[in-house]
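A look at the structure
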Amino acid sequence: MKKWTPTHEAPAPLEGPVVPTIVGGTALWFVLFLVQLPFYGWFDDHGHTWWVWTCLAGAGLGLIGIWYVRGREAALRRAARDDA
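Being a predicted model, the structure only gives us computed values, none of them experimental.

Per the counting criterion, the structure on display carries six aromatic pairs. Seen in terms of ring centroids, Phe 30 and Phe 33 are 6.2 Å apart; in terms of plane orientation they differ by 35°. Their pairing is tilted. Here Phe 33 and Phe 30 lie together in helix H1 (residues 18-36), a separation of three residues that amounts to about one turn. On the basis of relative accessible area, Phe 30 is assigned to the partly exposed category, the value being 40%. Here Tyr 40 and Trp 53 contribute two aromatic rings whose centre-to-centre distance is 6.0 Å and whose plane-to-plane angle is 70°, an arrangement assigned as edge-to-face. Residue Tyr 40 is located in helix H2 (residues 40-45), and its partner Trp 53 is located in helix H3 (residues 49-83); the two are separated by 13 residues in the primary sequence. Among the aromatic residues, ring-to-ring pairing joins Phe 30, Phe 33, Tyr 40 and Trp 53 into one connected group.

Next up, the structure:
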């Protein structure tokens, strides 16, 4: 059996407002955590505390994502400046 290889080039990656998107998502996770926090007792009674901690984990991972995409944007700017 012969391995299939594409005959066309891959499209260029889409670039958009990456940093604001990640910041917005991180803020949303943190707001969801804060909104659920007063109802922690209800979540605990029904065995759903993982919902609260998932929101906190999403906010924490979002902070790592912000650090990563800001570094990526800076590297792209440096590369564009060096090529010019």
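Bringing the confidence of the model for the protein chain into the picture now. Residues at a pLDDT of 70 or more form 99% of the protein chain, whose mean pLDDT is 93. Within the protein chain, the element-level pLDDT minimum falls on H3, averaging 95, and the maximum on H1, averaging 97.

Below, the discussion takes up the side chain of Gln 36. Of note, Gln 36 is situated in helix H1. In contact with Gln 36, other than residues within four places in its own chain, are Phe 43, Trp 51, Val 52 and Cys 55.

Take the pattern of salt bridges next. It is possible for side chains of opposite charge to pair when their charged atoms get near one another. Scanning the entire structure with this criterion turns up two salt bridges. For the salt bridge of Arg 72 with Glu 15, the shortest nitrogen-to-oxygen distance reads 3.0 Å. On the criterion of sequence distance, the pair formed by Arg 72 in helix H3 and Glu 15 in the segment before H1 is long-range, its members being 57 residues apart. For Arg 72, a relative accessible area of 32% corresponds to the partly exposed category. A salt bridge links Glu 73 to Arg 72; the nearest nitrogen and oxygen atoms lie 3.8 Å apart. Via salt bridges that share partners, Glu 15, Arg 72 and Glu 73 belong to a single interconnected network.

Thresholds applied
Residues numbered from 1 in each chain as written. Predicted model: local features only at pLDDT ≥ 70, side-chain atom pairs only at ≥ 80, totals over all residues. Heavy atoms only, no water. Phe/Tyr/Trp six-rings, centres within 6.5 Å; stacked < 30°, edge-to-face > 60°. Helix = DSSP H or I, 4+ residues; strand = E, 2+ residues; numbered from the N terminus. Buried < 20%, exposed > 50% of the residue type's maximum accessible area, 1.4 Å probe, protein only. pLDDT = per-residue confidence, 0-100. Contact = heavy atoms within 4.5 Å. Salt bridge = Lys/Arg side-chain N within 4 Å of Asp/Glu carboxyl O.

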